[in-house]
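Inside the fold
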Amino acid sequence: MHALRSLHLAKQALANRGLRLLSALAFAGVLVGCAAVGPAKSVRLDDTPRIAVISAFAPELTVLLPQVQQPNKHSVNGVEFTTGTLEGKPVVVFLSGISMTNAAMNTQLVLDRFNVSHIVFSGIAGGVNPGLHIGDVTVPAQWGQYMEWLMAREDKPGQYSAPAWMKSELTLPAFGMMHPRPVEVRSAAQPAITKQFWFAADARMLAVARNLDTGVALDHCHASKCLKERPRMVVGGNGVSGQAFVDNKAFREYAFKTFEANVLDMETAATAMVAHSNGVPYIAFRSLSDLAGGGEGENEMDTFMHLAAANSAKVLRAFLASWK
């Protein structure tokens, strides 16, 4: 009787082990199935080496897109990329979207999905340098993210202090409680985290831009609105980018004095940082649509953004035509 009971128990144990094994195999199958339907690895959509041509919003791109020859459209995450040629150069043209986050995210997206050799940004900006005028096209030698702020503690009315451990990186003057800071960055060439403020445009691309100084006829009228000053092209100097649309005279003066900036916008420095991290050369053409609060009356962007976008696009196309 004991022998029969022992045999029964042994069979039951084997059956239980079999069930556990089947359960484990089934669970493993579920995991494999989940992996199979999970996010796919990024696949390059085009292997031709191309210059990425980026604009932030539609009015900037509408003056360029019709000029693209043999256009072919791709859509990734809702972003439409158009490949083809522009001034005889293979390009991939797209909108980054407005804002630092969109610019960074979609610059990395184009680098992941296309074979990008260089990056060119074209669009409008707010003028900061009082020596520049609406319609001028700037080509800064470097860009900084000027709104990586410390919002400082107010100890007394109008008096602010920074944490002791942060003071060493606060090398630039503050605007009230707002202290500019460098950003953390790393790259394939330098994987250790470092901090920096400025991201330099490519020296060779800047040299080509300098040779365009007198060769591009810039518009000075649009829809019966004409500028007082004939627009010109300015290569060199600084540009800054941040999360805010600036329309404030006092802040404009601060930005010029502190950063020696010619222009400010909401995207270029983010693209510059992504270019730096990936080791891809970049340059940006930004035409003044307004004076960031320095003009008389209301902000001028709505009046002159089409003229400014057209001027920036003209310089971009001349640059591509000259690029070897």
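Our subject is the structure that appears above.
Read on for an overview of the structure. Here the structure is a predicted model, which is why all the values come from computation and not from measurement.

Further remarks concern the overall build of the chain. Helix and strand counts for the chain stand at 7 helices and 20 strands. Counting only residues that meet the buried cut, the chain has 46% of its 324 residues in that class. Relative to all contacts within the chain whose residues are 6 or more apart in sequence, the contacts with residues 24 or more apart total 77%. For the chain, the accessible surface area stands at approximately 16,700 Å², while carbon and sulfur atoms represent 56% of it.

Quick look at the pattern of salt bridges now. Scanning all chains against the criterion turns up 10 salt bridges. K314 serves as the salt-bridge partner of D219, at 2.8 Å between the closest nitrogen and oxygen. Here K314 lies in helix α7 (residues 301-322) and D219 lies in the loop between α4 (203-210) and β15 (221-222), a separation of 95 residues in the sequence. Given a relative accessible area of 27%, D219 falls into the partly exposed group.

Evaluated as defined, the whole model comprises 1 disulfide. The partner cysteine of C221 in its disulfide is C226, sulfur to sulfur 1.9 Å. The disulfide joining C221 to C226 has a torsion of about 110 degrees about its S-S bond and is therefore right-handed. Judged by its relative accessible area of 33%, C221 is partly exposed. Under the relative-accessibility criterion, C226 is labelled partly exposed at 46%.

Right, let's talk about the nonpolar core for a bit. Formed by 69 residues in total, the largest nonpolar core has its most connected members in F81, V110, V116, I119, I283, F285 and F319. The element best represented in this core is α7, accounting for 7 residues. Beyond its immediate chain neighbours, meaning those up to four positions away, F285 contacts V120, F121, S122, G123, V137, T138, V139, A209, S312, V315, L316 and F319. M147, W149, V240 and F251 belong to the second largest nonpolar core, which has 15 residues in total.

A word on the packing of helix α3 (residues 100-113) against helix α6 (residues 268-278). Any two packed helices are characterised by the angle at which their axes cross and by the distance between the axes. Relative to each other, α3 and α6 sit at 35 degrees, their axes nearing to 8 Å. As for how α3 packs across α6, the hand of that crossing is right-handed. Contacts from M100, A103, A104, T107, Q108 and L111 of α3 reach α6 at A269, A270, T271, V274 and N278. In terms of residue class, the contact of α3 with α6 is made up of 7 nonpolar, 4 polar and no charged.

So, on to the pairing of strand β4 (residues 89-95). Within β4, 5 of the 7 residues are buried, leaving the element largely enclosed by the surrounding structure. By the bridge criterion, 5 bridges tie strand β1 (residues 46-55) to β4 in an arrangement that is parallel. If you follow S55 over to β4, its bridge partner there is L95. Strand direction decides the pairing type here: strand β3 (residues 79-86) and β4, joined by 5 bridges, are antiparallel. Each residue of the ladder has a partner; that of L86, found in β4, is K89. Between the antiparallel neighbours β3 and β4 lie 2 residues, among them E87 with a positive phi of about 55 degrees.

Reading the values: rules and limits
Residues numbered from 1 in each chain as written. Predicted model: local features only at pLDDT ≥ 70, side-chain atom pairs only at ≥ 80, totals over all residues. Heavy atoms only, no water. Helix = DSSP H or I, 4+ residues; strand = E, 2+ residues; numbered from the N terminus. Buried < 20%, exposed > 50% of the residue type's maximum accessible area, 1.4 Å probe, protein only. Contact = heavy atoms within 4.5 Å. Areas by Shrake-Rupley, 256 points an atom, 1.4 Å probe, with all protein chains shown as cover. Salt bridge = Lys/Arg side-chain N within 4 Å of Asp/Glu carboxyl O. Disulfide = S-S within 2.5 Å. Core = buried A, V, L, I, M, F, W, Y, C linked by side-chain atoms within 4.5 Å. Axes fitted to C-alpha atoms, helices over the stretch in contact; angles between N-to-C directions. Left-handed = near helix turned anticlockwise from the far one by under 90°. Nonpolar A, V, L, I, M, F, W, Y, C, P; charged D, E, K, R; others polar. Pairing = 2+ DSSP bridges.

As far as function goes, none of this settles anything; it's purely spatial.
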